[in-house]
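So you can see what is in the structure, the chains are spelled out below.
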Amino acid sequence: MYSTAFLDLPPLRQASGSVQLPGSKSISNRVLLLAALSEGTTEVHDLLASDDTRVMLDALRALGCGVHEAGGGVACITGLGGRRPASPAKLFLGNAGTAMRPLTAALALLGGEYELSGIPRMHERPIGDLVDALRQLGCRIDCLGSEGYPPLRIDHEGGLPPLRLDAPIRVRGDVSSQFLTALLLALPLVAQEQDVVIEVVGALISRPYIHITLELLARFGIAVRHDDWQRFVIPAGSQYRSPGQIHVEADASSASYFIAAGAMAAGLDGQKPLKILGVGLDSIQGDIRFVEAAQAMGARVAGGPGWLEVGRGAWPLKAIDLDCNHIPDAAMTLAVMALYADGVTTLRNIASWRVKETDRIAAMACELRKLGATVEEGPDWLSVAPLPRAADWRAASIHTYDDHRVAMCFSLAAFNPAGLPVRIEDPRCVGKTFPDYFEALFAVAQTPPERIPVICIDGPTASGKGTVAAQVAQQLGYHFLDSGAMYRTAALAAMRAGIAIEAQHEPRLAELARHLPVRFEGGRIWLAGDDITDAIRTEEAGMNASRVSALPAVRQALVALQLGFRRLPGLVADGRDMGTVIFPAAPLKVFLTASAAVRAERRHKQLISKGISATISDLRADLEARDARDASRSASPLKAAEDALLLDNSLLTIDEAVAQVVAWWQARQPF
Ligand SMILES: Nc1ncnc2c1ncn2[C@@H]1O[C@H](COP(=O)(O)OP(=O)(O)O)[C@@H](O)[C@H]1O
Ligand SMILES: Nc1ccn([C@H]2C[C@H](O)[C@@H](COP(=O)(O)OP(=O)(O)O)O2)c(=O)n1
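Residues numbered from 1 in each chain as written. Chains lettered and ligands numbered in written order. Predicted model: local features only at pLDDT ≥ 70, side-chain atom pairs only at ≥ 80, totals over all residues. Heavy atoms only, no water.

Novice: I keep staring at helix α15 (residues 506-514) and nothing clicks. Help me out?
Specialist: Along α15, the residues that are buried comprise E506, L509, A510 and A513. Taken down its axis, α15 places every buried residue within 100 degrees of arc, on the same side. Against α14 (483-496) and α17 (552-557) lie the buried residues of α15. (Buried < 20%, exposed > 50% of the residue type's maximum accessible area, 1.4 Å probe, protein only. Helix = DSSP H or I, 4+ residues; strand = E, 2+ residues; numbered from the N terminus. Arc of directions from axis to C-beta. Contact = heavy atoms within 4.5 Å.)

Put into C-alpha cells, the structure is as follows:
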C-alpha cells in the first residue's frame, strides 16, 4: 500500500496480463458478523484485509468472540452462539458503514451497554432510519452527537426491554439499503417464537446488496422470504448455523477499475485481453452488472465462474444514459470512462452517492472538471462530456476526500491521450477496500519506459546519495536503485569465485556480472541464496567495487539490470553515472556533494555505529583515493551531468537535503 502524501501516475498506454482481486468488503463484513452470531467456529477464507474489516475484527474481539487471524486471508471466528456479548464496550468503527449499521442492530437486540463511534465523517453519515426502526421495536438507543447520526449509545444495562415483534418493523429503503441489511442480519436473533416481518417504506435502493445479504443469511441457515423486495419475513425458530468454512468472493466493485482499464487499453495490437480473477459472471454481487454497462460503452467481455476477460471493443467508447441504481458503487467508474466516450454520458438515480464516504456527486464533478471535462450535476444525477481533443486534457492533482473509490476510479485518467500524468492525493485511502490497488494497477498497466520518471542522484562516496535517494523514493512512492550495490555485489561475487579484480580478467568478470544471480527484496540484497546486505557494506567491499567498476565490460554487463529498475510509477537512482550514462534523459538530475572532511566524518560515524572501528584520517585518505579513481577512469567517470543541479549538503541535515530534492522535483511537475 502507498502511504505517501500523493502518488503521481505517469501516463499509461496499455493494460495486459492478469490481476487477482481482493475479497469483497461487503461480503467480508457480513460474513464476519454472521460468524460472530453463530454457534461454533467459522473458517473464513479470502477475507479482505482492509481498514473496514480491521475495525470489524477488533469490534468482534472486544465483544468476546474468538478471533484468530491465521494469515493468508484466513480468519477463524468463534461465535457467541446465544451467549451475551461482553458489556459494557466501546467500539471504534472508523468509517466502516458495513460495521456500524449491522453491529448497531445486533447489539441493540442482544442487550448490554455499548458506545459505537467512528471517524468524523462517520458521524456525518445518517443512521436515523435504522435507529428509528430499532426504537419502534423497543430498543433504547441514543444519538450522542446530532440526532440521527453516530456516535450512538445502546443502553440495555438493566436487561433488554420487551420487544414489540408482532407488528411489522418499518424501515425506509430509499436512503441506504444498509439499514435493511442491518435488520435482516440481526433480527434472526429474536425470531424465535414468531415470524419477524420487515416492511420497506419507500422504494428500495441498492437492491443487489440486499440480495447479497439474503444469499449469505442462507449460507448461515437463515431462510428469509420476501415479497417483491418490499416485505421480508424471517421465520420463527431461526438459528444461525456456521457453514464451517466459507470463501469470500472478490469484490465486484473493485473489478470495475480493471474492467474499465481493459475496455480502454487491453487487447490492442494483437495482445490478449486483460484477465481478472476472483470474481466472475456467476457473482452474487450486484456490481457484477457493471459488466453490462461497460459492454454498452463498447467493452468486449468474456467470463465464467470466478474470472473475466476484458478488451477494447468500440473506440472511442460509446456514451450512455443509464439508471445506476443497481450498481451504485461501480457506477463511479463510468463517470471517468465517460471522458473517453463519443458523447455526453449521464448517470441517473445515484442519490445515494451523496451520503457515502463523501458527497460523491459533488466530488466526482469537481475532480472531473480539474481534468478539463464539462460536467453537470443534479440532486441524483451526473452528466459528463468527453474532452473533444487530446489537447483539452489537463494534468490534475485529484483530491480524494478519504474516499477509496474516488482514488481508484481517477487512476483511469492516466490513460489519457494527451500523455499527461495524474496526481492522486492521499493514495492510502484505498486501504478501505483494496490496499494494494495501485500495485495491482502497475502490474498490469504498461507505458513506454521513457514515460516513467527517473530522478538521478550522483556524487562522490559518503555524500549521502544513498540516504537521500532512498528517502526521496519513499516520499514519492518510487522504486529505488542503489547502483553502487550492484558493483559491490559484482566485486563480492568475483572474490567468492576466486577471480582477481584485474584488467586481464575483464572478460570473465563481465561474464560473471552479466549473469549475477542478485535479488533486491524488501531492503535486503541476495546473491543466489545468500543474504549479502551487510557483507557488501565494508570499506574493503567499497574499494573492490570501485576497482571492478573501472572495467568497461563490467559496466556494460550491468546496464540491463539497472534499466530494469525503471518501473511504474517511477525511480530514484543513486550512483556515479545515473544521469550521465544510464538515464541520460532523466527529468531531474542531482549531483550531491559534501566536503571531504564532512564525508570522512559521516563515514566514520556510520562505521562506528555498526561496531566497525576506523580512523577519520584513514577514511579520508581512502575516500579521496576512491573519488580519484572513480573520477579519472575512462568508462563513465564520476562527474556531474551537464544538466544536473548541484547540491552541496555539507551544512544540511538529511531532511533538508531530501526536502531540497523533492522541492526541485515538485517544481518540474505540471500540477
Ligand atoms: N546531510 C547529511 N547530514 C548528515 N549526515 C548525513 C547526511 N547525508 C547523509 N548522511 C549520513 O552520512 C552517511 C553516508 O551516507 P550514504 O547515504 O551512505 O552516502 P553515499 O551513498 O553517498 O555513500 C550515512 O550514515 C548518512 O546517514
Ligand atoms: N553508478 C555507479 C555506482 C557505483 N559505482 C562504483 C564506484 C563506487 O566507488 C563503488 C561503490 O559505490 P557506492 O555508491 O556503493 O559507494 P558509496 O556508498 O558511495 O561509498 O561502485 C560506479 O562506478 N557507478
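Let's pick the thread back up.
Novice: Could you clarify how one ought to interpret the sheet that holds strand β24 (residues 422-425) in this entry?
Specialist: For sheets, the rule is that strands pair by backbone hydrogen bonds, running either parallel or antiparallel. Strand order in the open sheet formed by 3 strands is β1-β24-β23, with mixed pairing between adjacent strands. Edge positions in the sheet fall to β1 (6-9) and β23 (397-398), since each has one partner strand and no second. In this sheet, β24 lies alongside β23 in parallel orientation, the contact comprising 2 bridges. When the sheet's bridge partners are listed, I398 is paired in β24 with I424. (Pairing = 2+ DSSP bridges.)

Novice: Help me understand the nonpolar core, please; the structure alone is not making it clear to me.
Specialist: Note on soluble globular proteins: their nonpolar side chains tend to be buried together. Within the largest apolar cluster, 87 residues are counted, with the highest numbers of intra-cluster contacts made by F258, L334 and M364. At 10 residues, helix α7 (residues 252-265) tops the list of elements feeding residues into this core. Apart from the residues lying within four places of it in its own chain, the contact partners of F258 are V19, L21, L274, I276, F434, Y437, A440, L441 and V444. I154, L217, F220 and I246 belong to the second-largest nonpolar core, a separate cluster that totals 82 residues. (Core = buried A, V, L, I, M, F, W, Y, C linked by side-chain atoms within 4.5 Å.)

Novice: Hey, could you run me through the UniProt feature "binding site: 3-phosphoshikimate" (unreviewed entry) in the protein chain in this one?
Specialist: Using the residue numbers shown here, the UniProt feature "binding site: 3-phosphoshikimate" (unreviewed entry) corresponds to K25, S26, R30, S176, S177, Q178, S206, D329 and K356. Structurally, S176 is set in the loop between β11 (169-172) and α5 (177-186). Discounting residues that sit within four places of it in the chain, Q178 has contacts with G97, T98 and R101. In this structure the side chain of Q178 is engaged in a polar contact, spanning 2.7 Å, whose partner is the side chain of R101. (UniProt positions renumbered as here; feature names shortened; annotations may be inferred. Polar contact = N/O pair within 3.5 Å; in protein donor to acceptor, adjacent residues only side chain to side chain.)

Novice: Would you mind going over the site of ligand 1 with me for this structure?
Specialist: The immediate surroundings of ligand 1 are formed by 15 residues, with A462, K465, G466, T467 and L652 found nearest. Side-chain polar atom of R602 to a nitrogen atom of ligand 1: 3.4 Å apart, as the coordinates give it. In this structure, L652 approaches ligand 1 through a main-chain N or O atom, which is 2.9 Å from a nitrogen atom. A total of 560 Å² of accessible area belongs to ligand 1 in isolation, and the protein chains cover 78% of it. Those elements giving two or more residues to the shell around ligand 1 turn out to be α13 (465-476) and α20 (596-609). Classifying every residue of the shell around ligand 1 by side-chain character gives 4 nonpolar, 8 polar and 3 charged. (Near = heavy atom within 4 Å. Areas by Shrake-Rupley, 256 points an atom, 1.4 Å probe, with all protein chains shown as cover. Nonpolar A, V, L, I, M, F, W, Y, C, P; charged D, E, K, R; others polar.)

Novice: Sorry if this is basic, but what is going on with the domain arrangement of the protein chain here?
Specialist: Annotation of the protein chain at the domain level lists domain 1 (6-22 + 250-447), domain 2 (25-247) and domain 3 (450-667). One C-alpha centre belongs to domain 1, the other to domain 3, and the line joining them spans 40 Å. Contact residues are listed per partner, giving 12 residues for domain 1 and 8 residues for domain 3. Carbon and sulfur atoms make up 60% of the area that domain 1 and domain 3 hide from each other, which totals about 970 Å². (Domains from an automatic or database assignment. Buried area = accessible area lost by both parts, 1.4 Å probe.)

Novice: Explanation requested: the site of ligand 2 in the structure shown.
Specialist: Close contacts around ligand 2 come from 19 residues, with T461, R488, R555, R603 and R626 the closest. Taking S549, its side chain carries an N or O atom lying 3.3 Å from an oxygen atom of ligand 2. R603 places a polar side-chain atom, nitrogen or oxygen, 2.7 Å from an oxygen atom of ligand 2. In the complex, 96% of the free accessible area of ligand 2, which totals 510 Å², lies under the protein chains. Elements with a contribution of two residues or more to the shell around ligand 2: α14, α16 (539-548) and α21 (616-632). With 4 residues, the top contributor of residues to the shell around ligand 2 is α14. When grouped by side-chain class, the residues that make up the shell around ligand 2 number 4 nonpolar, 6 polar and 9 charged.

Novice: Even after reading the chapter, I still don't get the UniProt feature "active site" (unreviewed entry) in the protein chain, so can you show me in this structure?
Specialist: Under the UniProt annotation, "active site" (unreviewed entry) lies at D329. Along the polypeptide, D329 turns up in the loop between β19 (321-323) and α9 (331-337). Here D329 falls in the buried class, since its relative accessible area comes to 10%. Residues contacting D329, with those up to four places away along its chain left out, are Y209, S253, D287, K356, R360 and R405. There is a polar contact of 3.3 Å between the side chain of D329 and the side chain of K356.

Novice: Help me out: how do you make sense of helix α4 (residues 128-137) in this one?
Specialist: The periodicity of an α-helix, 3.6 residues per turn, causes residues three or four positions apart to be oriented the same way. Burial of α4 is extensive: 7 of the 10 residues sit out of reach of the surface. Burial in α4 covers these residues: G128, D129, L130, V131, A133, L134 and L137. Residues of α4 that are buried in the fold lie against α3 (97-110), β9 (141-143), β10 (152-156), β11 and α5. Just past α4, the residue G138 takes up positive phi, approximately 115 degrees.

Novice: Before we go on, may I ask you to explain the pattern of salt bridges in this structure?
Specialist: Note that side chains of opposite charge can pair when their charged atoms are close. In this structure the tally under the stated criterion is 45 salt bridges. For E113, the salt bridge goes to R153, with nearest N and O atoms at 2.5 Å. Highlighted residues: E113 in strand β8 (residues 112-117) and R153 in strand β10, separated in sequence by 40 residues. Between R603 and E539 there is a salt bridge whose closest N-O contact spans 3.8 Å. Pair noted here: R603 is in helix α20 and E539 is in helix α16, with a separation of 64 residues, a long-range link. Given the relative accessible area of 15%, R603 is considered buried. A relative accessible area of 23% means that E539 is categorised as partly exposed. Here the salt bridges do not stand alone but share partners, grouping K25, D52, D329, K356, E357, R360, D403, R405 and K432 into one network. (Salt bridge = Lys/Arg side-chain N within 4 Å of Asp/Glu carboxyl O.)

Novice: What exactly am I supposed to notice about the packing of α16 against α21 here?
Specialist: Each pair of packed helices can be summarised by the angle the axes make with each other and by the distance between the axes. Running from amino to carboxyl end, α16 crosses α21 at an angle of 15 degrees, the nearest separation of the two axes being 10 Å. The pairing of α16 with α21 is recorded here as roughly parallel in orientation. The two elements α16 and α21 cross, and the hand of that crossing is left-handed. Listed contacts from α21 to E539, G542, M543, S546 and R547 of α16 are L619, D622, R626, R629 and D630. Of the residues belonging to the contact of α16 with α21, the class tally is 2 nonpolar, 2 polar and 6 charged. (Axes fitted to C-alpha atoms, helices over the stretch in contact; angles between N-to-C directions. Parallel < 35°, antiparallel > 145°, perpendicular 65-115°, else oblique. Left-handed = near helix turned anticlockwise from the far one by under 90°.)

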